[in-house]
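# Analysis of the macromolecular model
What follows is the residue order along each chain.
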Number of protein chains: 2
Amino acid sequence: MVRKTTTRVVEGARGGAGSVEFHDILSADEMNGHGRLYAKVVVRPHSSIGFHVHENDTEPYYILEGHGIFVDNDKSRTEVGPGDVCIIEVGQGHSLENNSDEDLVIMALVYNK
Amino acid sequence: MVRKTTTRVVEGARGGAGSVEFHDILSADEMNGHGRLYAKVVVRPHSSIGFHVHENDTEPYYILEGHGIFVDNDKSRTEVGPGDVCIIEVGQGHSLENNSDEDLVIMALVYNK
């Protein structure tokens, strides 16, 4: 079966700034209990996903397009761009900031510990 | 932690034609037993991923760039392009053909039933 993603726009995602667009590829139900999010995510210019902790799951970010700042569990800040993989462990936190004038486009997958 | 993907090129993927490039985002070990592949996959021009069945897992394709033919479990053929999600159920098979002169770039996630 071929279908389109479901799109939703979140303002102030995880307490972040501006707007973040989620293009959901799978629903949580379709993930068969292994996770709860699989989406292409567009962090709009001068927007961010606020710092949040993954208590019982993890969420690698994979950068498709654009540039941003990955804030790791220890609050260290790393410039990221296309092809970068941002890994956190279960129990760790992260955020992602787009301080540029272009979209920052990533893949987000949340799966269980 | 920020890192790059691991890249490997497979000739005749699943019995298909030509070359397919896998940019692995997670290793199977890192998927905590929930799946075995999470990668950006480039199906090069006039190349394909051959028909294969997912007995105990499933693998949605999400098309990022380019155009191709998704062959579903029932062998029906659908033209696909950016933003399309190709879903199969556990126990079903699929293939993907790039008959164009451009790369076909997809996200592939294999996770358990």
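Source: prediction; values computed, not measured.

On to the interface of chain B and chain A, then. The interface is formed by 32 residues belonging to chain B together with 32 residues belonging to chain A. Taken together, both faces of the contact between chain B and chain A bury some 2,900 Å²; the carbon and sulfur share is 60%. There are 2 salt bridges connecting chain B and chain A. Between B:Lys4 and A:Asp84 there is a salt bridge, and its shortest N-O distance comes to 2.7 Å. For the side of chain B that touches chain A, the secondary-structure elements that each account for two or more residues are strand 1 (2–4), strand 3 (19–26), strand 4 (35–43), strand 7 (61–65), strand 9 (77–80), strand 10 (84–86) and strand 12 (104–112) of chain B. Considering every element that reaches the side of chain B that touches chain A, the biggest residue donor is strand 12 of chain B, with 4 residues.

This part takes up the relation of the copies chain B and chain A. Structural alignment of chain B on chain A gives an RMSD of 0.0 Å, achieved by rotating through 180° and translating 0.0 Å along the axis. Here the copies are linked by what is in effect a two-fold axis. Distance from the rotation axis, computed per C-alpha, reaches its smallest value in chain B at B:His34: 2.9 Å. Looking at the interface residues of chain B, 100% of them are also at the interface in chain A, so both copies use one shared face.

So, about the nonpolar core. Among soluble globular proteins, nonpolar side chains are generally buried collectively. With 26 residues, the main nonpolar core has A:Tyr38, A:Met107, B:Tyr38 and B:Met107 as its most contacted residues. Put simply, the parts of the chain that give this core at least two residues each are strand 3 (19–26), strand 4 (35–43), strand 7 (61–65) and strand 12 (104–112) of chain A together with strand 3, strand 4, strand 7 and strand 12 of chain B. Each residue touching A:Met107, except ones within four places of it in the same chain, is listed here: A:Ile25, A:Tyr38, A:Ala39, A:Lys40, A:Pro60, A:Tyr61, A:Tyr62, A:Leu64, B:Tyr38, B:Tyr62 and B:Met107.

Moving on to the sheet that holds strand 8 (residues 68–71) of chain B. Pairing between sheet strands relies on hydrogen bonds along the backbone, with the strands arranged either parallel or antiparallel. All names here are of chain B. With antiparallel pairing, the 4 strands of this open sheet are ordered in space as 5-11-8-9. The open sheet terminates on both sides in strands that have one partner only, identified here as strand 5 (47–53) and strand 9. Between one strand and the next, the sheet's axes are offset by a mean angle of 20°, whatever the strand orientation.

With respect to the helices and strands, the residue A:Asp84 is situated in strand 10 (residues 84–86). Within the structure, the side chain of A:Asp84 is placed 2.7 Å from the side chain of B:Lys4, a separation counted as a polar contact. Among residues more than four places away in sequence, those in contact with A:Asp84 are A:Tyr61, A:Tyr62, A:Ile63, A:Glu79, B:Val2, B:Arg3 and B:Lys4.

All names here are of chain B. Within this structure, the stated rule accounts for 3 aromatic pairs over all chains. Centre to centre, the rings of Tyr61 and Phe70 are 6.3 Å apart; their planes meet at 90°, and the pair counts as edge-to-face. There is no split in this pair, since Tyr61 and Phe70 are both buried. A cation over a ring is seen here: Arg8 above Phe22, with NZ or CZ 4.5 Å from the ring centre.

It is worth spelling out the confidence of the model for chain A at this point. Of the residues in chain A, 100% have a pLDDT of 70 or more, and the chain-wide mean is 98. For this predicted complex, the interface confidence score (ipTM) comes to 0.96, while the overall pTM stands at 0.97.

Further remarks concern the pairing of strand 7 of chain A. Residues and elements named next belong to chain A. With respect to burial, strand 7 is a largely interior element, 4 of its 5 residues being buried. Pairing of strand 7 with strand 10, which is carried by 2 bridges, proceeds in the antiparallel orientation. The residue bridging Tyr61 from the neighbouring strand is Cys86, located in strand 10. Taken together, the 4 bridges between strand 7 and strand 12 define a ladder with antiparallel strand orientation. Across the sheet, the residue bridging to Tyr62 is Met107, located in strand 12.

Criteria and thresholds
- Residues numbered from 1 in each chain as written.
- Chains lettered and ligands numbered in written order.
- Predicted model: local features only at pLDDT ≥ 70, side-chain atom pairs only at ≥ 80, totals over all residues.
- Heavy atoms only, no water.
- Contact = heavy atoms within 4.5 Å.
- Buried area = accessible area lost by both parts, 1.4 Å probe.
- Salt bridge = Lys/Arg side-chain N within 4 Å of Asp/Glu carboxyl O.
- Helix = DSSP H or I, 4+ residues; strand = E, 2+ residues; numbered from the N terminus.
- Least-squares fit on C-alpha atoms with pLDDT ≥ 70 in both.
- Core = buried A, V, L, I, M, F, W, Y, C linked by side-chain atoms within 4.5 Å.
- Buried < 20%, exposed > 50% of the residue type's maximum accessible area, 1.4 Å probe, protein only.
- Pairing = 2+ DSSP bridges.
- Axes fitted to C-alpha atoms, helices over the stretch in contact; angles between N-to-C directions.
- Polar contact = N/O pair within 3.5 Å; in protein donor to acceptor, adjacent residues only side chain to side chain.
- Phe/Tyr/Trp six-rings, centres within 6.5 Å; stacked < 30°, edge-to-face > 60°.
- Lys NZ or Arg CZ within 6 Å of the ring centre and 35° of its normal.
- pLDDT = per-residue confidence, 0-100.

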